[in-house]
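# Descriptive structure summary
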Amino acid sequence: METIAARPFAFAFDPSRVALIVIDMQRDFLEPGGFGASLGNDVSRLQAIVPATARLIAGFRAAGRPVIHTRECHRPDLADCPPAKRLRGAPGLRIGDAGPMGRILIAGEPGAEIVPELQPAPGESVVDKPGKGAFCATDLGAHLEALGITQLVFAGVTTEVCVQTTMREANDRGYECLIAEDATESYFAAFKHAAIDMMTAQGAIVGWATEVATILAGLEAAKASRRAEASL
Ligand code: C5J
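Before going into details, it helps to say that this report is about the structure given with it. Every value quoted in this text rests on a predicted model; they were computed, and no experiment measured them. (Residues numbered from 1 in each chain as written. Predicted model: local features only at pLDDT ≥ 70, side-chain atom pairs only at ≥ 80, totals over all residues. Heavy atoms only, no water.)

Within the chain one finds nine helices and 10 strands. What you see for the chain is a C-alpha radius of gyration of 18 Å, in line with the 17 Å of a compact globule of 232 residues. For the chain, the residues scored as buried account for 51% of the 232 residues in total. Of all intrachain contacts in the chain linking residues separated by at least 6 positions in sequence, the fraction that spans at least 24 positions is 73%. As displayed, the chain offers around 9,900 Å² of accessible surface, 57% of which is attributable to carbon and sulfur atoms. Charged side chains in the chain number 22 positive and 28 negative. The centres of these two groups are separated by 2 Å. (Helix = DSSP H or I, 4+ residues; strand = E, 2+ residues; numbered from the N terminus. Rg over C-alpha atoms; globule rule 2.2 N^0.38 Å. Buried < 20%, exposed > 50% of the residue type's maximum accessible area, 1.4 Å probe, protein only. Contact = heavy atoms within 4.5 Å. Areas by Shrake-Rupley, 256 points an atom, 1.4 Å probe, with all protein chains shown as cover. Lys, Arg positive; Asp, Glu negative; His and termini not counted. Charge placed at Lys NZ, Arg CZ, Asp CG, Glu CD.)

In this section: the side chain of Thr-159. Following the sequence through the fold, Thr-159 ends up in helix α7 (residues 159-172). Excluding anything up to four places from it in sequence, Thr-159 contacts Gln-164, Ile-179, Thr-184, Glu-185, Ser-186, Lys-192, Ala-195 and Ile-196.

This is how it looks when you write it as structure tokens:
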């Protein structure tokens, strides 16, 4: 167990039981012409976290810890997209409508793919989710249980929608949750800060927050401890 600096207080980091979950780093949210842009958002804010997210993913891979990617997307027949979700968009820009990157938020379309810089490595899990939360209507819970995971580090977009929803779901399921503040982003700066403040308030009521560098240092420290134990 490593103790790492976090807010609202130090996080007891267990590198033998932790997985990284990278939420929805998809072209539809990060690139012009996708779902996010169709809602009138400035996608460049989200593109800015790609390098920090890539560093975090590389650290987990180097430590031999699971990296799980999610994609918010729907079946081509939209059977998993309730009208209440689809009809909220403007006509022509709704989920399932044709856009510059294919049908918006539909599995298998170019827009639903993870951005090239953060492509899953062979063997890494990719969870397609029809909801904002990654536990809803997916096998994520069973998968984490099979892996013996008790802690989750969160990265991805958007902080106050799919990241926050999934972190709250995970917290209610008993996971200790840590969000990487510089590897998550919102289209609205104030929403990102408010979401993290809400989750870390009241004694980490949903979880903890820290920087990518701190998490990477925790993984490195654990590696060094393992090496030192092995040489005894
Ligand atoms: C949204 C997401 N914002 N991945 N999805 O609709 O946060």
